[in-house]
Amino acid sequence: MAAEIHLPEDFSETEKYAAIVCIHPAGGVKEQTIGMYASRLAAYGFVVLTFDASYQGASEGTPRYLEDPTARVEDARAGADYLSTLPYIDTDRMGVFGICAGGGYAVSVAQTEHRFKAVATVSAAPMGEGFRNFLGNETPTSVLLDMLKKVGEQRTAEANGGELLYMHWVPDTKEEINENTPDLWREGHDYYKTPRGQHPNSVNKYLFTGTDRMMAFSAFDQINTLLTQPVLLIAGSKADTRFFSEQAYNLAKGKKELFIVEGATHIALYDIPEYVNQVVPKLADFFKIL
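Residues numbered from 1 in each chain as written. Predicted model: local features only at pLDDT ≥ 70, side-chain atom pairs only at ≥ 80, totals over all residues. Heavy atoms only, no water.

### Considering the packing of aromatic side chains
According to the stated counting rule, one finds 13 aromatic pairs in the structure shown. Summarising the aromatic geometry, the rings of Tyr191 and Tyr270 are spaced 5.2 Å apart at their centres and angled 85° between planes, so their arrangement reads as edge-to-face. Taken as a pair, Tyr191 in helix H6 (residues 183-192) and Tyr270 in helix H10 (residues 268-271) lie far apart in primary sequence, 79 residues in all. Aromatic rings pair up to connect Phe11, Tyr17 and Tyr88 into one cluster. For the cation-ring pair, Arg64 lies above Tyr65, with the distance from its terminal atom to the ring centre recorded as 5.6 Å. (Phe/Tyr/Trp six-rings, centres within 6.5 Å; stacked < 30°, edge-to-face > 60°. Helix = DSSP H or I, 4+ residues; strand = E, 2+ residues; numbered from the N terminus. Lys NZ or Arg CZ within 6 Å of the ring centre and 35° of its normal.)

### Observations concerning the layout of surface pockets
Leftover empty space is mapped by rolling, across the atoms, a probe with the size of a water molecule. Empty space within the largest pocket amounts to approximately 920 Å³. Looking at the largest pocket, it is lined by 36 residues, and the ones nearest its centre are Phe131, Phe134, Trp169, Trp185 and Tyr206. Take the lining of the largest pocket: its biggest share by element is five residues, from helix H5 (residues 141-159). Tallied by class, the residues present in the lining of the largest pocket amount to 25 nonpolar, seven polar and four charged. (1 Å grid on protein atoms, 1.4 Å probe; cavity = no way out; pocket = protein on both sides within 12 Å on 5 of 7 lines; lining within 4 Å. Points joined across faces, edges and corners; volume = space filled by probe spheres on them. Nonpolar A, V, L, I, M, F, W, Y, C, P; charged D, E, K, R; others polar.)

### Remarks on H6
Leu184, Gly188, His189, Tyr191 and Tyr192 are the residues of H6 that are buried. Angular distribution of buried residues about the axis of H6 spans 165°; they occupy a single face of the element. Lining the buried residues of H6 we find helix H1 (33-42) and H10. (Buried < 20%, exposed > 50% of the residue type's maximum accessible area, 1.4 Å probe, protein only. Arc of directions from axis to C-beta. Contact = heavy atoms within 4.5 Å.)

Any functional reading would require information that these geometric values do not contain.
Structure below.
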């Protein structure tokens with residue numbers, strides 16, 4: 001796995017630091033929005049770990065561009081493992097933070113990984129819940145079953161030497177966007193496919209045969225029983241994914257906060273200064289509990 005550590009400006013190996021493991025969005029890499037947040041959190045005195053998910057970015061693993069939620073959660077655990085080997089990390093003061101799908105994975109891992117003492121999300125969009133309930137609209141069972149049938153057929157084809165089939169996370173070209181395109185995808189194209197946020201390791205595709213794993217995954221199933229750590233959920237007031245943060249907030253039984261950024265959409269929280277400048281201090285203040 002390829003990773004980066006963001007250190008405070010006055011870093012000293014003889015000191016002990018609180019640490020944060022950061023999880024990037026689906027299709028993203030460590031050099032994009034998650035890296036920007038990591039460097040800014042490090043300025044508040046945290047040691048912050050970012051990494052490319054298994055099978056993606058500069059990390060190893062085949063088949064390439066597999067989005068496997070179970071592996072993504074394990075990646076975050078591995079981040080805690082790695083931090084525990086560093087002499088300057090206080091392992092009793094580790095937290096986890098994620099953006100978009102990374103937010104869903106952060107909530108998921110915190111339910112069973114209690115080395116993480118606090119969890120925060122920005123524009124959380126849990127993978128399985130997102131497949132089954134697209135932007136607040138329940139996906140018909142018939143659609144899910146048809147997709148699973150196609151996944152099975154594709155797996156059979158690939159097992160017999162057929163080419164791997166890939167899908168796009170966001171529209172790959174402007175021509176694919178119209179008046180009916182959700183803001184999440186429209187603005188996602190602008191972020192991932194233009195100089196605004198594009199990176200050569202973020203290729204805007206995922207392995208179709210991983211869809212069954214994404215569809216079956218649940219990030220929120222044990223929130224009300226196993227998520228005992230403090231949680232901060234941040235969403236834009238205009239985000240078409242806002243209801244996911246609200247859902248997690250309602251399920252959580254412990255110390256919790258839902259912070260709504262007025263005027264922001266899902267993607268706006270990735271990099272627009274007027275919104276990010278509200279979010280970063282909020283995150284830093286929250287993680288002071290570590």
